[in-house]
Amino acid sequence: MIGYVTIGVSDMERAKAFYSELLSDLGAKVLLDMGRIAFIGKSMREPMLAVCIPFNEEPNHPGNGNMLAIHPGPKEAVDAHYKKAIELGATCDGEPGQRIPGQFYGAYVKDPDGNKLAFYYFG
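Residues numbered from 1 in each chain as written. Predicted model: local features only at pLDDT ≥ 70, side-chain atom pairs only at ≥ 80, totals over all residues. Heavy atoms only, no water.

Novice: Would you take a moment to explain the pattern of salt bridges for this structure?
Specialist: Close approach of charged atoms allows side chains of opposite charge to pair. Enumeration over the complete set of coordinates arrives at 7 salt bridges. With a shortest N-O distance of 2.5 Å, Asp33 and Lys16 are connected by a salt bridge. Of this pair, Asp33 sits in strand β2 (residues 29–33) while Lys16 sits in helix α1 (residues 12–22), and the two are 17 residues apart along the sequence. With a shortest N-O distance of 3.8 Å, Glu46 and Lys42 are connected by a salt bridge. Residue classification places Glu46 among the partly exposed residues on the basis of a relative accessible area of 34%. (Salt bridge = Lys/Arg side-chain N within 4 Å of Asp/Glu carboxyl O. Helix = DSSP H or I, 4+ residues; strand = E, 2+ residues; numbered from the N terminus. Buried < 20%, exposed > 50% of the residue type's maximum accessible area, 1.4 Å probe, protein only.)

Here it is in structure tokens:
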């Protein structure tokens, strides 16, 4: 149902490098780079992440309450992606842990532009 999600960034090269490396082990890469906007994913036929410089050329602002959730696999993969994001320059917004007993395990970071990401596993 979701084709792609777009987040605003201040530095395209940094954003492409961050997300390409962060999601590389999930098979993602830059699929289409149009300068102001780039699409990152496994295929143009699957859900993608788009990073862009805002169209109005005003500074990007992360949304309050907006979050991109990424399902990397089991709990160990959640932990690994959280650690990788921090190593790539993200900041902690909630260390990995069981949030809802037996149902939801998650970890939270903010990317270099302040966009909130969740890595999660249901179970």
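Still more ground to cover, so stick around.
Novice: Explain the nonpolar core here, please?
Specialist: Taken as a class, soluble globular proteins show a tendency for nonpolar side chains to be buried jointly. Judged by nonpolar contacts, the single largest core of 24 residues is most densely connected at Tyr19, Leu22, Val51, Leu117 and Phe119. Mapped onto this core, the elements with two or more residues apiece are α1, β3 (37–41), β4 (48–52), β5 (68–70), α2 (75–87), β7 (104–110) and β8 (116–122). Broken down by element, the residue count for this core peaks at 5 residues, all from α1. Those residues within four positions of Tyr19 in sequence are excluded, and the remaining contacts are Ile7, Ile40, Leu49, Val51, Asp111 and Leu117. Grouped together as the second largest cluster of nonpolar side chains are 5 residues, Phe39, Met48, Ala50 and Cys52 included. (Core = buried A, V, L, I, M, F, W, Y, C linked by side-chain atoms within 4.5 Å. Contact = heavy atoms within 4.5 Å.)

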